[in-house]
Structure formats: C-alpha cells, structure tokens
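One letter stands for each residue in the lines below.
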Amino acid sequence: MSSDPQGLLHILEFHGQQIYALLTRLTLRAGVADDLLQELFLKLHTSTGLARAENQTAYVFRAAIHLAFDWRRRRRETESLQHEPPTGTGSSPMDRLIAAEEFEQVVGAMQDLSELTRECLVLRFLQQQEYHEIAGQLGKTEHQVRALCHKGLDQLRSILAIAAGAARESEPKGMGD
Amino acid sequence: MEPATDDDELIHRLHRLGELKPAAVETERALERVRRSLTELSPVAAVVVGKPRALGWWIAAAVCLGLAVPLAWLALGPSPAHAGFDDIRAAMQARRSVACRQVRRIEGRPDETSRWLMFGDHRFRIDLGGGSYAVVDGARRRFLRVDAQAQEATLFDDGRPPPDNLYEALKDLPQGVAAQQLPQKRIDGRNVVGFTVSVEGRIATVWADPVARLPVQIQTDEQNAEGQFVSVTIDEFEFEKKLNPDLFSFGPPAGFAFTSIGLDELRGRWERPIPGSNPPLIESLTVEGDHDIYLLRRTDGTLVRKLSARVHLERVGDVAIYNRDEIQLVEGNSPPGGVPKTQSFIYKFDQKGLCEVSGLLHGRDSFRPRIATIRWVGPGKRDDRPSADESIADKPRAPSDDPDLRRDLEQMQGRWERIGRNAQGEVTWRMEKLVKGNQETRTVTDPHGRVLEQQTVRFRLEKHGPVRVFNFFERMNDVGDGAGLNFEVDFSYLYRIDGTTLLEAPGLFEKRPSYQTNPVVYIWARSEPRNAEKTANTPP
C-alpha cells in the first residue's frame, strides 16, 4: 500500500535538508530541486516501494537520485525550454559561474554512467558516505562498492575528456580559417 | 574551460560539488512546501508530527486557504472543487476514442515509448515504433502482435493475458471507488487536479484538467522483482480522435508470415472410444472457430447426443484450461442431470495426443461426473506454434495467507497412502506420505513393510484462480539412492483435496518443472494415524 503522510513527515523532518541539498547538487537549480522534492514525496506517498523497503532512508535517497537524473534526461530532450541558470559556489559572480559550469559538466557526464555506478559515486562523493554505508544501502559488499567507484571515476574521466575534445573541435576558428 | 584530466582533479571537483549547500531560506521554503502537501493529504499528521512551527503554519495555511480557494474557484471556472475522481472516470467513460503516448522507464535501460489508440470497446492498438504494433481485443482476450523487422504476425487467442492497459483499467473502475485527492499542481502551464487510486494492484496517480475533467497525465511507479524503479507515464491525450477502423484489424499485413496460437491449435475433430461402455460408445469433439460440437454415438453410428458450446481458453498458473459455455443440446438425449451451463477441464498436448483432465479445478463444473484423465486422438499439435514468451508462469514470490490454502494445508496434515497391486490384486508396494506443517516425508515399502526409499521435502501451496499448486523444494534422501544427501529441487504438481482424498497431478504445466512430463492423476487416500500419533493427539 502507499506510504502514510505521517511517516513521510518524519522522513522529511529528519532527512529533508539532506535530500534537498542532494537534489540541488544534482540539478544545480534551486527551483528545480524545490519541485523535485515535492514530486519525490508525492511519489513516495503513492508508490508501494517505500513501505516494502528494508532500509527506508536508503530507498528515499536512491529515489531522489533517480528522480534528479530522470529530470536531467527529460531536460536533455527539451534543452531549449530550460531557463534557470545553474547554481555554483564562489565569491564573485564569475567564480560562481565557472564553478557552476564545472559542476554541470561533471553531473551531466554522470548521466552516461550506469544507474548503480552513478549511485555509488553520488553517495560516496556528493553525500560523502563511507564505503561500508553505501554497501549496506545498495546490498553490495564494500569491495564491490570500491570497485564501482573506481570504475565510475575512470568512466567519468573518459566522458569528460571526450566532451572536452568535442568542445575544442566546435570552437569557432580564427579569421581566414 | 578544461574538464578534469586526472583523478585528483575530478575527485576534488566532486568533493566541491558535495560541499555545495542551498541557502537556508531556500531549504526551509522547499521543506515547507512539502510539509504543506503532506499535511493536505493528512491534516491530523501535521499536529502529531510537525515541529511547533507547524501549528503556526497550520493557522497561516487556513487563512491562505480561506482566500485562495475562492480565488482559485473564480480562476478555474465551473466547479473544479467538485471534480472528484468519479467525475474524471465518468468523463473518460463518455469518450469513445482516445489517443495517447505511454513512456515506460526502467532504470538502466532506454525509455520505451509507444503510442496508444483506443477504440472505446476494449479494442486498442499499440504502435511500438519501427512499424511494429499490437492490436488487442481486451473483451475477448485476444491480441495480434506484428513484428515489422522480422515480417511476422502472431495472433494470440489462447487466453493468455493481453498487454496491460492502464487507461482502460482506470476507466473501468467502479463508481465510488476510493481515491485520494492530491494538492493541485501545474503541468505544461495549466492547473491540474490530482488523485491517487488503486487499480489492479498498483497505485496510479491521475492528473486531470479540472474543467474538461479528463486526464492530462497518468502515472504509476513501482519497483520490479529486481528492485529497479519502473515508472509508466501516459500523457499527450487526444480525445474523440477519428480513428480508422482498419487500424484495429486482426488480419496480418500482406506478405507477413502469420501464426495463430490458441483455439487454432485445437481446431479439428478429436475422438476416442469410451472404455468399458456397453453398448460401445465413441465420443468426439470438433473445434471450429470459437465453438465446438460434442457428439456421443454408438459404434454403429447411432447418435446418442449432440451438444454445441462456445469455447473460451484460459491460461492460469501455467496451466491451460478449456472452458465451455452457452452449451446447447442440438440433438438426441439430454445428459444425466440435464444440460450443464458451463464445463471446464485442464488440457495439455502430449506425445499421444490431446490430454483432458477433469475434476481438478476448484469452483468450476467438470466436463465429467468424476475425476478423469482422458486422451483424445485427432489432428495433433501444430509444430509451428511458437513457444509462449511469458516467464515461468505466475509463481508467487511470497508465501500466501489465502484462507483456502490455509484450509488445504490443515486438511493435508497427517498420513496418506497409495497401494500398488498386480493383476491378481496382490499388494506389490505401498507408498505413504506424512505431512507435518510444510514438510512432507514420502516412504516406499515393499509388501513386507521393508523401507525401500524415503525422502523428505519442504513445500508450499499456491492458488491461481481455480488451480491449486503444490510446490516442493529442498529434498533430503533419508533411505535409498543418495541417502543422507540434500538436493536443491523445485518441482510442482496440481493438487485437490477434499478431506479424505488427495489428488496429485504432475505433468500438466506448460513450462513449469514437474516431476513427470506426461499428465497423470494419482489418488491418495487418508490412512489411519499410528498409535503414537493418536496418543500424541489425545488431550490430557
């Protein structure tokens, strides 16, 4: 059956800030994270998965990651409709813009990873969880999680390198080229 | 800007991303919005769970709602507040044709997008892309699948479930079905009202236009058996679209290879002499279209009875069932007890022909007055029939607490016996099964009582409509070949129990492993408990 709102309010009170922060990191847009947070809890209310989950907190975070990358996938399909600029960190507007662009590249590249590898990287580096914690949440061994993170970093590096190559090729050439 | 070129830089960038924190005011605003939505779903919860500020919010929300509701009412037009799920359902039923898009998402796989056309009488068409499509007649449970790439068309008319149609399932929900209203939201720039409703074991979220009262988006989210998130979204609705009836034809496209599965494999005349009948009788069953003709006649050709019926095949619990209804006496004598309204039996093709097993189905009238395993001789099974593409059918993942199964399990407890005799009627072997809880010990002895074999298995019972299944596993050989060894087995058979008789019928599944290939029914009789058991069961 669906999850009761009271249980969801508990989850919201205890983990809401972290989930919202995670959604912000993955979307890099406060407004989108705001919408996704609401959508997440409505989905949790209407789906039967949470009630059946052994580790409800892990389930909620995995659902949030899934939702954020689902949004990214939809956004990639309708790129021109997005207007809100990404959010970065830094002291000056230029610093923030550069940071936001860097983050956008990394999170965008994560879209091309497998679901499991992506979850491992997000939980390890964005949520800064220990390997054994991630292993417990994903039903894997600590060794497997380490291997997945290592493989994920390798894949991310390749994707980013390819993207950089493509970007250089598409740069406008100088006069007379 | 250069991307990360080594792990350190990449990890550094990821860590910095992990340190990114939204502003406190934005966080609080987002959390408050969700709190508000959740408390709208359950106002009591806000008082019980919320932090002290929730009460203040509750008062503020009440004031806001006092202003917002009339304004929203004015903005949205005719009585949106009264657009309950029943109104949505009624509006769906009032529309004949519907076109929409369905997107099925499973994590780690590409999206599956299909276009659906519904004709309004449970006929619908699913365009799968690349020219492939399916046409479904939900009322008759038949569907045509066309594979454009392979240039093949297959008509499934064997009672297997057609593809799910979430829209039709919602439309067919009964009036007054329980639905929970969700907070309003906007989709593609327009206000929508939302409901969650349980449909065919899933929970669907329906977002609808409050004025037209028709769905804008329908969504379900589930986890499949592998723990993956599976979401189905239906949108891009067009109602009352003029649809070409030719799109819903069950005829295969010109030039495509065509296969028909179902009644087609039974088509023709099946016949058998009735053993022991005096005068000798022959019965035949001729299947044509969706009807059959049953003839009972003497060997000299004299007709005893001719019955006609409509045939409906069914596949449940990995078992094929032949159902007859609209049974009519066409000629000859009425059968003893009158013409039945319906009849059902399990059927299966084997090497010898068509095998009919009557008397195993629960809640169905049998084709025979008693338990029977009957072989018909006839046109035989078509060899060009492709195998069913379902997974091994319907094996439930969790134990059932069904009251029928609890009753069956209670009745099964204790000792059961089968005895083998030779032509002279002498006992050649005895087989006994002792059921204790969900464990069965089966012992084979010779006529002198020496134990030849003994095996113990664990089992569970399953119920699939009229079919009951005994599934056993974890076999321990106590005596005989492999004594002392454990075996990982997973075998099943059909059963039926009535307190004093236990029927055990292996070999009737389409795909599921059984311990015998060909259909057979064994009859176990209740045997007396041993003295020690009698004593143990006697209250002090």
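Residues numbered from 1 in each chain as written. Chains lettered and ligands numbered in written order. Predicted model: local features only at pLDDT ≥ 70, side-chain atom pairs only at ≥ 80, totals over all residues.

**Observations regarding the overall build of chain B**
Helix and strand counts for chain B stand at 9 helices and 28 strands. Here chain B, with 540 residues, has 28% of them falling under the buried criterion. Long-range pairs, those at least 24 residues apart, make up 44% of the contacts in chain B between residues at least 6 apart in sequence. (Helix = DSSP H or I, 4+ residues; strand = E, 2+ residues; numbered from the N terminus. Buried ≥ 20, exposed ≤ 12 C-beta atoms within 10 Å, placed from the backbone. Contact = placed C-beta atoms within 7 Å.)

**A closer look at the confidence of the model for chain A**
Residue and element names in this part refer to chain A. Residues with a pLDDT of 70 or more make up 76% of chain A, whose mean pLDDT is 78. A low-confidence stretch, residues 79-83 (pLDDT under 50), is modelled with 1 contact involving residues beyond four sequence positions or located in other chains. Below a pLDDT of 50 lies the segment residues 170-177, which in the model reaches 0 contacts outside its immediate sequence neighbourhood of four places, other chains included. (pLDDT = per-residue confidence, 0-100.)

**Considering the sheet that holds strand 11 (residues 229-239) of chain B**
For sheets, the rule is that strands pair by backbone hydrogen bonds, running either parallel or antiparallel. All names here are of chain B. The strand order across the open sheet formed by 12 strands is 7-8-9-10-11-1-2-3-4-5-6-12, and the pairing between neighbours is mixed. In this open sheet, the two strands that pair with only one neighbour each are strand 7 (179-187) and strand 12 (257-262). Looking at each pair of strands side by side, their axes are set apart by 20 degrees on average, direction ignored. Relative to strand 10 (residues 215-223), strand 9 (residues 202-208) runs antiparallel, the two being bridged by 5 bridges. (Pairing = 2+ DSSP bridges. Axes fitted to C-alpha atoms, helices over the stretch in contact; angles between N-to-C directions.)

**Comments concerning the sheet that holds strand 15 (residues 291-298) of chain B**
Residues and elements named next belong to chain B. Spatially, the 8 strands line up as an open sheet ordered 13-14-15-16-17-18-19-20, and their pairing is antiparallel. Since the sheet does not close on itself, it has two edges, and those belong to strand 13 (268-274) and strand 20 (372-376), each with one partner. Averaged over all adjacent pairs, the angle separating strand axes in this sheet is 30 degrees, with direction ignored. Pairing geometry for strand 13 and strand 14 (residues 281-288), over 7 bridges, is antiparallel. Bridged to E271 within strand 14 is S284.

**With respect to helix 5 (residues 85-94) of chain B**
Residue and element names in this part refer to chain B. Listed in full, the buried residues belonging to helix 5 are F85, I88, R89 and M92. All buried residues of helix 5 project into a common sector of 95 degrees when viewed along the axis, lining one side. Elements in contact with the buried residues of helix 5: helix 6 (166-171), strand 7, strand 8 (190-199), strand 9 and strand 10. (Arc of directions from axis to C-beta.)

**Examining unusual backbone geometry**
Residue and element names in this part refer to chain B. N278 connects to P279 through a cis peptide bond whose omega is 0 degrees. Tracing the backbone shows P279 in the loop between strand 13 and strand 14. Backbone geometry places Q151, a non-glycine residue, at a positive phi of 55 degrees. For Q151, the position within the fold is in the loop between strand 5 (142-147) and strand 6 (152-157). By C-beta crowding, Q151 is classed as partly exposed, having 13 other C-beta atoms within 10 Å. A positive phi is found at E236, a non-glycine position, where the angle reads about 55 degrees. When you line up the elements, E236 lands in strand 11.

**Thoughts on the pairing of strand 19 (residues 353-358) of chain B**
In summary, the side chains of a regular strand alternate between the two faces of the sheet. All names here are of chain B. Counting buried positions along strand 19 gives 5 out of 6 residues, so the element sits mostly inside the fold. Pairing of strand 18 (residues 343-350) with strand 19, which is carried by 5 bridges, proceeds in the antiparallel orientation. Opposite D350, over in strand 19, you have G353 as the bridge partner. Connecting strand 18 to the next strand, strand 19, in antiparallel fashion are 2 residues.

**A few points about the interface of chain B and chain A**
The parts lose accessible area when they come together, and the size of an interface is often stated as this lost area. In this assembly, 42 residues from chain B lie in contact with 50 residues from chain A. When grouped by side-chain class, the residues that make up the side of chain B that touches chain A number 20 nonpolar, 10 polar and 12 charged. (Nonpolar A, V, L, I, M, F, W, Y, C, P; charged D, E, K, R; others polar.)

**Considering the nonpolar core**
Formed by 92 residues in total, the largest nonpolar core has its most connected members in L23(A), L37(A), F41(A), A64(A) and V206(B). Excluding its chain neighbours within four sequence positions, the residues that come into contact with A64(A) are I19(A), L22(A), L23(A) and L40(A). Membership of the second largest hydrophobic core comes to 40 residues, among which are V357(B), L461(B), Y493(B) and Y495(B). (Core = buried A, V, L, I, M, F, W, Y, C linked by C-beta atoms within 7 Å.)

**Some details on the pairing of strand 1 (residues 98-106) of chain B**
Residues and elements named next belong to chain B. Pairing of strand 1 with strand 11, which is carried by 8 bridges, proceeds in the antiparallel orientation. Bridge pairing in strand 11 places V98 opposite F239. Pairing of strand 1 with strand 2 (residues 112-118), which is carried by 7 bridges, proceeds in the antiparallel orientation. Considered in strand 2, the bridge of V103 is made with T113. Taken together, strand 1 and the strand that follows it, strand 2, pair antiparallel across an intervening segment of 5 residues, in which G108 is found at a positive phi of about 85 degrees.

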